[in-house]
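Below are the chains, spelled out letter by letter.
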Amino acid sequence: MIIFVCVVFQLRSVSVDLNNDVSLLIDIPDALCERDKVKFTVHTKTTLSVFQKPEFSVPRQHEDFIWLHDTLVETEEYAGLIIPPAPPKPDFESPREKMHKLGEGEATMTKEEYTKMKQELEAEYLAVFKKTVQVHEVFLQRLSSHPVLSKDRNFQIFLEYDQDLSVRRKNAKEMFGGFFKNMVKSADEVLISGVKEVDDFFEQEKTFLLDYSTKIKDSTTKAERMTRAHKNVADDYIHVAAILNSISAEENTALKNFTFLQKVEGRVASDQELKLTELLRYYTRDIQAAKDLLYRRARALADYENSNKALDKARLKSKDVAQAEDNQRQCMQKFEKLSESGKKELTSFKGRRVVAFRKNLVEMAELEIKHAKNSVSLLQGCIETLKNC
Amino acid sequence: MERKPPPFPDSEEQEAHSEKAEEESGDDDDDDDDDGGEDIFTGNDLFSEEGSYPGVQEPSVDNQHASNGLRSDDDEQDLFAEARVELSLDRSSTKGIREVTRSSPSAPDISYKSSTSKMSFEKPEEEESNDKFELNIAVTHPEKVGDGMNAYMVYKVSTQTTLPMFKSRAFSVRRRFSDFLGLFEKLSEKHAQNGYIVPLPPEKSVVGMTKVKVGKEDTSSTEFVEKRRAALERYLHRVVSHQNLLQDPDVREFLEKDELPRAVSTQTLSGAGFLKMINKASDAVNKMTIKMNESDNWFEEKLQEVENEEQQLRKLHAVVDALVNHRKDLCGNTAVFAKSMAMLGNSEDNTALSRALSQLAEVEDKMEQLHQEQASNDFFIFAELLADYVRLLGGVRNCFDQRIKTWQRWQDAQSTLQKKREVEAKLLWANKPDKLQQAKDEITEWEAKVTQYERDFERICATVRKEVLRFEKEKSNDFKVHIIKYLESLLVSQQRLIKYWEAFLPEAKAIS
């Protein structure tokens, strides 16, 4: 039975540059993982007076992040904002399964092959690890760089509170009961498209987001399959190299390069995963968050329209008119506030998305070229050696 | 099945030798000390005093093998009759001397050249090793003949050569798969038991062929035909690169003759069938092996090496097979992804990003192409090479087994001789003069056999040694050539990859 325990390491945020504002800098410098649980060290550096100290660190679990996200979503005030999507649960299933299979197959492999496979698996574990840390970090940084959300009290508690948050988490669950989330999610599409849109901007956004959402979800799945297949090819090179090494001596030296080829191939697969697949994954979630905003606005619009109808009815009956007027005014205000902030959010979202895509696509292309050039020189070396021996 | 070999300048004796070879191949007996080719062993025999060369049948067939009775009867002997043994011996005794002198400069291959035709061809090769004759063979143009379940594929076998033994310099014939199997059967019958490594042809495939027969025009059946065509070509290359096999008239006929009689016995016998036979035989032989005390560890060690290598290659082949499949997977997934990316690009409202995403979709499409080609290379250059050698190593094992069988025959003859001597001794004691003569005759007969079989054993030892070394050299070279080719294909692939991504990069940078 192989138990993987990962330790301290340095991580640099790979996505869009969010950590710019000196007044509040957040990062996750290290993390610890044991069996199922990952413990993140959330590190804050701040000049804001609202915090007790200028620099501090707290340990946080994945569930704490979810708690934070949910409380933000449930906060009425933020209805007009795109709440950054919650980081997905750390998923070590794939490498764990592979590790298990490797343990079972140990007897059939040569020692060298086994070691290489183990190394590859460890690299995979590390990659999953890096990804999950990155995604949690980005979540916090999105919050810290948002003018409104960064001031959220719960956010500050999350950053600062040096005790276990699990008690708070339980209370929150009881209080809200996750009512917003429990609402039938599938209804939002119908609601969004069903409501008569008065604003051109939102009309366009609606059409775009609904369509884009489906497409990007599809692309993410296909990209995941592609990167997985790529990994399989890279892994096969390990086995080939292992057997070749045990066969013939002369070709042996040149074919040691086969192992390097595998490393390069493996690197290509994982870089593709990070830059392309992760990008698509992230924006699938982000698009969903944007859609949630539209949903909330659509609800507000529906409420507004209903309040208008109610007011008319009240006026007709001359009963409870003041109340109805009040209600109507509130609904209108809410709706207008949502529309205004919503427009701002969606516009900045566009910009953010384009920037992120550009960065990642450029980086991916550059990495592909770098790895391919590496492969080329390795292969050329191999061929030269073979021809001369 | 008698076949007159093509006429040569000094034809008479060759015909005699060849005839002997042909007829012997018709013999059922397992222990046939068959000559293969043109009676190559007569030259050898001349170095021994006796010059007796029975090597044909078991004692039960009453051919006078002892040298005593030889000279008297031969001259009137029909060239094509059974008593060819004496005939050839007689001829070669005059010719042989010439051969000896001629062949002595070419030391290593000395025992295996006898016919003049061979000399005239091979002497240049040995004495002026740079003066190589050319022989290029290609198997092309697979064509389907007939319909339904009786249909079959015909391949064009084209030969280009400067070898004088062929009728012309360039010619081609049409052959079907069973013809190749028939060639293999003939060659292995004649040569395998002398310790030669006879190359194995590709295996029969009921599934593959049925698809082709039924007329399924899909990628898997075209792939199958291509795989087979390439394998048949490699098979022929291996056959002709073997000195002794090239001399076999069956090979020549296969390449040259317009119409070949249909090889009927190949229904059951194929490369796979032969391998099965080898494996069964070697199991049986292994039970005997324990008793053989090796004066020379070389054979034991080599056999072990061969067996290990065969195992390793099998493993490697399985892994490369997995690689091919995974790459095909990757290919499919990339294609699907490319389409999805194109859709996403269409949906994207930022113009520059939209264009970049469409470009990305195109790059991924090109990647799919690359993966497809690479998978094909993985298979044809690498996987098939491994499959060939797994089969060939089985053939090598057979050589070793044949050697052991030869040894066993010698030992058996020795023990029979011993028994005969005991009988003689008993008869001497019992004083029965009439039976005594018979006993003495039998002893002489068996003494000759023992000598012969011992010589056979020595000969096969030498052959196996030589063959194994030749095989190893060829294998090492083959592997090297193919691995270089494979790596070069990977190299080309990577270089194209660089081009595609370098073309994409400015598009990505242009996003704003």
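Residues numbered from 1 in each chain as written. Chains lettered and ligands numbered in written order. Predicted model: local features only at pLDDT ≥ 70, side-chain atom pairs only at ≥ 80, totals over all residues. Heavy atoms only, no water.

Chain A is annotated in an unreviewed UniProt entry as PX domain-containing protein of Denticeps clupeoides. Recorded under Sequence similarities (unreviewed entry), the UniProt text for chain A is reproduced unchanged: "Belongs to the sorting nexin family." (UniProt positions renumbered as here; feature names shortened; annotations may be inferred.)

This part takes up the overall build of chain A. A tally of helices and strands in chain A yields 10 helices and four strands. Walking chain A from its N terminus toward its C terminus, one meets helices and strands in the order β-β-β-β-α-α-α-α-α-α-α-α-α-α. Out of the 389 residues belonging to chain A, those deemed buried represent 53%. Counted over contacts in chain A with a minimum sequence separation of 6, partners at least 24 positions apart contribute 75%. Carbon and sulfur atoms make up 54% of the accessible area of chain A, which totals about 19,000 Å². (Helix = DSSP H or I, 4+ residues; strand = E, 2+ residues; numbered from the N terminus. Buried < 20%, exposed > 50% of the residue type's maximum accessible area, 1.4 Å probe, protein only. Contact = heavy atoms within 4.5 Å. Areas by Shrake-Rupley, 256 points an atom, 1.4 Å probe, with all protein chains shown as cover.)

Attention now goes to the packing of aromatic side chains. This model, assessed by the stated rule, comprises 22 aromatic pairs over all chains. With 5.6 Å between their ring centres and 55 degrees between their planes, A:Tyr283 and A:Phe357 make a pair best called tilted. Of this pair, A:Tyr283 sits in helix H9 (residues 250–317) while A:Phe357 sits in helix H10 (residues 321–388), and the two are 74 residues apart along the sequence. Accessibility expressed as a relative area gives 1% for A:Phe357, which makes it buried. Linked through ring pairs, A:Phe40, A:Phe65, A:Phe139 and A:Phe158 together constitute an aromatic cluster. Geometry around B:Phe254 places B:Arg175 over its ring, the cationic atom sitting 5.3 Å from the centre. (Phe/Tyr/Trp six-rings, centres within 6.5 Å; stacked < 30°, edge-to-face > 60°. Lys NZ or Arg CZ within 6 Å of the ring centre and 35° of its normal.)

All right, on to unusual backbone geometry then. At A:Asp320, a position not held by glycine, the phi torsion is positive, near 55 degrees. You can see A:Asp320 is positioned in the loop between H9 and H10. Even without being glycine, B:His141 reaches a positive phi, approximately 50 degrees. Of note, B:His141 is situated in strand S1 (residues 135–145).

Before going further, it helps to spend a moment on the interface of chain A and chain B. Contacts between chain A and chain B engage 55 residues on the former and 50 residues on the latter. Both sides together, the interface formed by chain A and chain B hides about 4,900 Å², and carbon and sulfur atoms give 73% of it. In this structure, the connection of chain A to chain B is made through six salt bridges. Summed over the shared surface of chain A and chain B, the result is 16 residue pairs in polar contact (both at pLDDT 80 or more). When contributions to the side of chain A that touches chain B are tallied by element, the ones reaching two or more residues are helix H8 (200–247), H9 and H10 of chain A. Top element by residues in the side of chain A that touches chain B is H8(A). It accounts for 23 residues. Across the side of chain A that touches chain B, the residue classes break down as 31 nonpolar, eight polar and 16 charged. (Buried area = accessible area lost by both parts, 1.4 Å probe. Salt bridge = Lys/Arg side-chain N within 4 Å of Asp/Glu carboxyl O. Polar contact = N/O pair within 3.5 Å; in protein donor to acceptor, adjacent residues only side chain to side chain. Nonpolar A, V, L, I, M, F, W, Y, C, P; charged D, E, K, R; others polar.)

All right, on to the packing of helix H7 (residues 206–214) of chain B against helix H8 (residues 219–240) of chain B then. Residues and elements named next belong to chain B. The geometry of H7 relative to H8 is characterised by a closest axis approach of 9 Å and an angle of 120 degrees between their N-to-C directions. With respect to their mutual orientation, H7 and H8 come out oblique. Considering only the axes of H7 and H8, their crossing is left-handed. For the pair H7 and H8, contact is made by Gly208, Met209, Lys211 and Val212 and by Ser220, Ser221, Phe224, Val225 and Arg228, respectively. Residue classes in the contact of H7 with H8 are distributed as four nonpolar, three polar and two charged. (Axes fitted to C-alpha atoms, helices over the stretch in contact; angles between N-to-C directions. Parallel < 35°, antiparallel > 145°, perpendicular 65-115°, else oblique. Left-handed = near helix turned anticlockwise from the far one by under 90°.)

So, on to the sheet that holds strand S3 (residues 170–176) of chain B. All names here are of chain B. Pairing in this open sheet of three strands is antiparallel, and the strands run S1-S2-S3 from one edge to the other. Unpaired on one side and paired on the other, S1 and S3 mark the two borders of the sheet. Averaged over all pairs of adjacent strands, the angle between their axes in this sheet comes to 20 degrees, without regard to strand direction. Pairing of S1 with strand S2 (residues 152–161), which is carried by nine bridges, proceeds in the antiparallel orientation. When the sheet's bridge partners are listed, alanine 138 is paired in S2 with serine 158. Relative to the sheet, H8 contacts S1 and S2, its axis offset from that of S1 by approximately 150 degrees. (Pairing = 2+ DSSP bridges.)

All names here are of chain A. Taken together, the nine bridges between strand S2 (residues 24–34) and strand S3 (residues 37–46) define a ladder with antiparallel strand orientation. Residue pairing across strands places cysteine 33 opposite valine 38, the latter belonging to S3. In this antiparallel pair of consecutive strands, S2 and S3, the connection spans two residues, and arginine 35 shows a positive phi of 50 degrees. As judged from the seven bridges shared by S3 and strand S4 (residues 55–61), these two strands associate in the antiparallel manner. Along S4, the bridge assignment pairs phenylalanine 40 with arginine 60.

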